[in-house]
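Summary of the model geometry
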Amino acid sequence: MVVRGAPAIAITAALALAVEVSNLDFTGTPVEAASFVSKKLEYLVSSRPTAVNLSDAATKLQNLVSKTAESVKDASAVFQVYIEAAETMLVDDVADNKAIGSHGAEFLQRQLGNSKNISVLTHCNTGSLATAGYGTALGVIHALHSGGVLEKAFCTETRPFNQGSRLTAFELVHEKIPATLIADSAASALMKQGRVQAVIVGADRIAANGDTANKIGTYNLAISAKHHGVQFYVAAPVTSIDLALPSGDGIVIEERSPKELLNSEGGLGKQVAASGILVWNPAFDVTPANLITAIITEKGVITKTDADGAFDIKGFIQSAK
């Protein structure tokens, strides 16, 4: 958890390998250099199975070095192409996040009747500390604030690792965005009082039908939002979309250490739970597409196409190219 947040995981992995190959004394052929990079990327992908951004980035980089190896004579050329591509991913992620923020802010304003007093709730951390910069769901909040239409952002503490209270609260205060921290269990009461008009969350993996894996507790928020008539948005780059998965049923969910629940401070402090108690600690849950109002991407906003509330994500991506 030193690095967390789907976009940040992908970029950190790519750049870490770029640092390694930039200082590597390699005597093999270009094909062997491409194989070296590919195997390293496969190892990195195995570290975080839920977030699709990492495997998406790895596949693109593997294809790139494999193709490069066919046309160059020196292994160093393969490594240089890889380094430049990894650095480009860093720059592109910031630009994509700003586009997500812009599209999301404009769409929310239209959906909420051009209100000048929009309050939103977010979960976990989706800002600069989870991406290359600016953020996804937090980027939308940032854009609403910059546009002068955000009344307040509410953030959950996001137990058990407290990414909301430790990271999102920090970012909101740092950016001087009016914000209030709430306990995870207070979200339904907040919605019942009519204090938020929308929930905006990030995503670690989005299936082809729109089912979305995100930090544990997201599903709870979506159910509550549906009950209280609050709009529920997912904000993520298209690299978080996995068209190979027809639904969220196939998403692998990581399970975290029992210590995160047994001990205070997300597992870093003293034990507070009874010794001998069993623990179930999934890091993510899957929110069904029927609970999601729209999916905000850097290419635009994916809305539902029919009365059954279905997303045509594949069609959206094809038309956006």
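Residues numbered from 1 in each chain as written. Predicted model: local features only at pLDDT ≥ 70, side-chain atom pairs only at ≥ 80, totals over all residues. Heavy atoms only, no water.

You'll find the protein chain entered in an unreviewed UniProt entry as Methylthioribose-1-phosphate isomerase, with Digitaria exilis given as the organism. Quoted verbatim from the Sequence similarities (unreviewed entry) field of the UniProt record, the comment on the protein chain reads "Belongs to the eIF-2B alpha/beta/delta subunits family. MtnA subfamily." Word for word, the UniProt comment on the protein chain under Pathway (unreviewed entry) is "Amino-acid biosynthesis; L-methionine biosynthesis via salvage pathway; L-methionine from S-methyl-5-thio-alpha-D-ribose 1-phosphate: step 1/6." (UniProt positions renumbered as here; feature names shortened; annotations may be inferred.)

Section: the domain arrangement of the protein chain
Domain annotation for the protein chain reports domain 1 (6-91) and domain 2 (96-320). Relative placement of domain 1 and domain 2: their C-alpha centres are 30 Å apart. Contact residues are listed per partner, giving 14 residues for domain 1 and 17 residues for domain 2. Overall, the association of domain 1 and domain 2 removes approximately 1,200 Å² of surface from exposure, summing both partners, and the carbon and sulfur fraction of that is 53%. Here domain 1 is connected to domain 2 by 0 salt bridges. There are 0 residue pairs in polar contact (both at pLDDT 80 or more) connecting domain 1 and domain 2. Those elements that provide at least two residues to the side of domain 1 that touches domain 2 are helix H1 (6-22) and helix H3 (52-69). Counting residues per element, the side of domain 1 that touches domain 2 draws most heavily on H3, which supplies 5 residues. (Domains from an automatic or database assignment. Contact = heavy atoms within 4.5 Å. Buried area = accessible area lost by both parts, 1.4 Å probe. Salt bridge = Lys/Arg side-chain N within 4 Å of Asp/Glu carboxyl O. Polar contact = N/O pair within 3.5 Å; in protein donor to acceptor, adjacent residues only side chain to side chain. Helix = DSSP H or I, 4+ residues; strand = E, 2+ residues; numbered from the N terminus.)

A word on the packing of aromatic side chains
Per the stated rule, a full pass over the model turns up 4 aromatic pairs. Aromatic side chains Phe-26 and Phe-79 sit 5.3 Å apart centroid to centroid with 85 degrees between the ring planes, which places their arrangement in the edge-to-face category. With Phe-26 in the loop between H1 and helix H2 (30-45) and Phe-79 in helix H4 (residues 75-111), this pair connects stretches of sequence that are 53 residues apart. Classification of Phe-26 as partly exposed rests on a relative accessible area of 26%. Here the aromatic rings of Phe-36 and Phe-79 are separated by 6.3 Å at their centres, their planes lie at 75 degrees, and the arrangement is edge-to-face. Separated by 43 residues along the polypeptide, Phe-36 in helix H2 and Phe-79 in helix H4 bring together distant segments of the chain. For Phe-36, a relative accessible area of 22% gives the class partly exposed. Grouped by ring-pair contacts, the aromatic residues Phe-26, Phe-36 and Phe-79 constitute a single cluster. (Phe/Tyr/Trp six-rings, centres within 6.5 Å; stacked < 30°, edge-to-face > 60°. Buried < 20%, exposed > 50% of the residue type's maximum accessible area, 1.4 Å probe, protein only.)

Some details on the UniProt feature "active site" (unreviewed entry) in the protein chain
Those residues carrying the UniProt feature "active site" (unreviewed entry) are Asp-204 in this numbering. Looking at where Asp-204 falls in the secondary structure, it is placed in the loop between strand S4 (198-201) and strand S5 (205-207).

What to know about the pairing of strand S2 (residues 150-156)
The element S2 is largely enclosed, with a buried count of 5 among its 7 residues. Judged from the 5 bridges that link them, strand S1 (residues 118-122) and S2 form a sheet pairing that is parallel. Bridge assignment links Val-120 to a residue of S2, and that residue is Ala-153. Crossover S1 to S2 through helix H5 (residues 137-146) is right-handed. Pairing between S2 and strand S3 (residues 179-182): 4 bridges, direction parallel. Looking across to S3, one finds that Phe-154 is bridged to Thr-180. The β-α-β motif built from S2, the intervening helix H6 (residues 163-174) and the parallel element S3 has right-handed crossover chirality. (Pairing = 2+ DSSP bridges. Right-handed = clockwise from strand over helix to strand, strands pointing away.)

Details of the nonpolar core
Formed by 28 residues in total, the largest nonpolar core has its most connected members in Leu-121 and Phe-232. Other than its neighbours up to four places away in sequence, Phe-232 contacts Val-199, Val-201, Thr-218, Leu-221, Ala-222, Ala-225, Thr-287, Leu-291, Ile-292, Thr-293 and Ala-294. With 27 residues, the next largest nonpolar core counts Ile-100, Val-149, Leu-150 and Leu-172 among its residues. (Core = buried A, V, L, I, M, F, W, Y, C linked by side-chain atoms within 4.5 Å.)

Some details on unusual backbone geometry
With an omega of 10 degrees, the peptide bond running from Arg-159 to Pro-160 counts as cis. Its location among the elements puts Pro-160 in the loop between S2 and H6. Although it is not a glycine, Cys-124 adopts a positive phi angle of roughly 60 degrees. With respect to the element layout, Cys-124 can be found in the loop between S1 and H5. At Glu-265, a position not held by glycine, the phi torsion is positive, near 55 degrees. Here Glu-265 shows up in the loop between helix H9 (259-262) and strand S9 (284-287).

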